[in-house]
Amino acid sequence: MTTIGLIGAGHIGSQLARLAVAHGYDVVISNSRGPETLSALVGELGPKARAASATDAAKAGDIVVVTVPLKSYRQVPVAPLAGKVVIDTNNYYPQRDGHIPELDDESTTTSELLQAHLPTSKVVKAFNHIYAAELTTHGQPAGSKNRRALVIAGDDPSAKATVAKLLDEFGFDAVDAGPLKEGWRIQRDTPGYGPRRNAEELRKDLQAAKRYRDQ
Ligand SMILES: NC(=O)c1ccc[n+]([C@@H]2O[C@H](COP(=O)([O-])OP(=O)(O)OC[C@H]3O[C@@H](n4cnc5c(N)ncnc54)[C@H](OP(=O)(O)O)[C@@H]3O)[C@@H](O)[C@H]2O)c1
């Protein structure tokens, strides 16, 4: 039995918890204010869910999702995530996150920042370009015509395969953008960021993406 840990239980974290429970996973959810503030969501999710501290959610998860505002990424616990597949949903909004110079000058990407913070984890970028509400409404069974596709990026092929399988179970095709450093191709203001796309369309969007300096 696989447990999915969630660090962050807001718009995206709560929706991924719903999807995970609906597909038979156990979930351990966490936020910044403490497990007692998540009782309503745990009640909704039912017996396969519990709330914990971020450290305990990280320890409990076989796969762990980091879905916090990017400005908080340095608070993500490091040791309990060692060696694990970590899904990174995060995006950079300077008005929310403050300016991060290495993102402003495009010398790195959001998921590479998280990977640097979690050096022995296997970070896979996923679920960053779909509106939270659509996670539970746009999924379709494998093989559906015009099925929605979502991007993954990562440096560890087996971790990417694990996340691609999870996407498929949750109702989405996976399109591999390559290593984490290619994750900018699906960052805010790129063609694929937000709209519903099938796999072929999304591949074209990734190719058409431009760095901020070239826009
Ligand atoms: N909203 C979307 O449609 C969407 C779509 C794709 C990607 N994203 C990206 O995904 C990330 C999460 O977005 P969101 O909309 O879900 O944000 P959100 O609704 O603001 O939720 C953020 C969650 O992170 C928790 N959190 C903050 N700091 C934390 C910490 N240090 N340790 C543990 N938990 C912490 C918050 O807990 P408290 O409430 O207790 O502070 C909250 O549960 C962002 O980077 C966002 O850009 C969002």
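Up top is the structure these notes are about.
Residues numbered from 1 in each chain as written. Predicted model: local features only at pLDDT ≥ 70, side-chain atom pairs only at ≥ 80, totals over all residues. Heavy atoms only, no water.

Novice: Any chance you could explain the site of the ligand here in plain terms?
Specialist: The environment of the ligand is formed by 23 residues, the closest being H11, I12, S32, R33 and Q75. Between the ligand and A9, the relevant distance is 2.9 Å, taken from an oxygen atom to a main-chain nitrogen or oxygen of the residue. Separating an oxygen atom of the ligand from a backbone N or O atom of G10 is a distance of 3.2 Å. In the complex, the protein chains occlude 81% of the 900 Å² of accessible area that the ligand would expose alone. Here the residues of the shell around the ligand are counted per class, giving nine nonpolar, 12 polar and two charged. (Near = heavy atom within 4 Å. Polar contact = N/O pair within 3.5 Å; in protein donor to acceptor, adjacent residues only side chain to side chain. Areas by Shrake-Rupley, 256 points an atom, 1.4 Å probe, with all protein chains shown as cover. Nonpolar A, V, L, I, M, F, W, Y, C, P; charged D, E, K, R; others polar.)

Novice: What exactly am I supposed to notice about the pairing of strand 2 (residues 26–30) here?
Specialist: Note on strand geometry: in a regular strand, side chains alternate between the two faces of the sheet. Of all the five residues making up strand 2, four are buried; the element is thus mostly covered by neighbouring parts of the structure. Note: strand 1 (residues 3–7) against strand 2, five bridges, orientation parallel. In the strand pairing of strand 2, I7 is matched with S30. What joins strand 1 to strand 2 is helix 1 (residues 11–22), and the crossover it makes is right-handed. Taken together, the three bridges between strand 2 and strand 3 (residues 49–51) define a ladder with parallel strand orientation. Its bridge partner being in strand 3, I29 is matched across the sheet by A51. Handedness of the β-α-β unit built from strand 2, helix 2 (residues 39–45) and strand 3 comes out right-handed. (Buried < 20%, exposed > 50% of the residue type's maximum accessible area, 1.4 Å probe, protein only. Helix = DSSP H or I, 4+ residues; strand = E, 2+ residues; numbered from the N terminus. Pairing = 2+ DSSP bridges. Right-handed = clockwise from strand over helix to strand, strands pointing away.)

Novice: Can you walk me through the environment of L167 in this structure?
Specialist: Turning to its location among the elements, L167 is positioned in helix 7 (residues 157–170). The spatial distance from the C-alpha of L167 to the C-alpha of Q95 is 30 Å, given a sequence separation of 72 residues.

Novice: Teacher, can you tell me more about unusual backbone geometry here?
Specialist: Backbone geometry follows two general trends: most residues other than glycine have a negative phi, and most peptide bonds adopt the trans configuration. The backbone of F127 sits at a positive phi, close to 60°, despite the residue not being glycine. In the Ramachandran plot, D189 falls in the positive-phi region, its phi being about 75° despite a non-glycine side chain. Assignment of secondary structure puts D189 in the loop between strand 8 (173–176) and helix 8 (199–208).

Novice: What is the right way to look at the environment of K210 in this model?
Specialist: One can find K210 in the segment after helix 8. With 24 residues separating them in the primary sequence, K210 and I186 have C-alpha atoms 9.7 Å apart.

Novice: It is not clear to me how the side chain of R148 should be interpreted in this structure. Could you clarify?
Specialist: Relative to the helices and strands, R148 resides in the loop between strand 6 (122–125) and strand 7 (149–154). Note on R148: relative accessible area 0%, which makes it buried. Here the side chain of R148 touches G194 through a polar contact of 3.2 Å, landing on its backbone oxygen. In terms of polar contacts, R148 uses its side chain to reach the backbone carbonyl oxygen of P195, at 3.3 Å.

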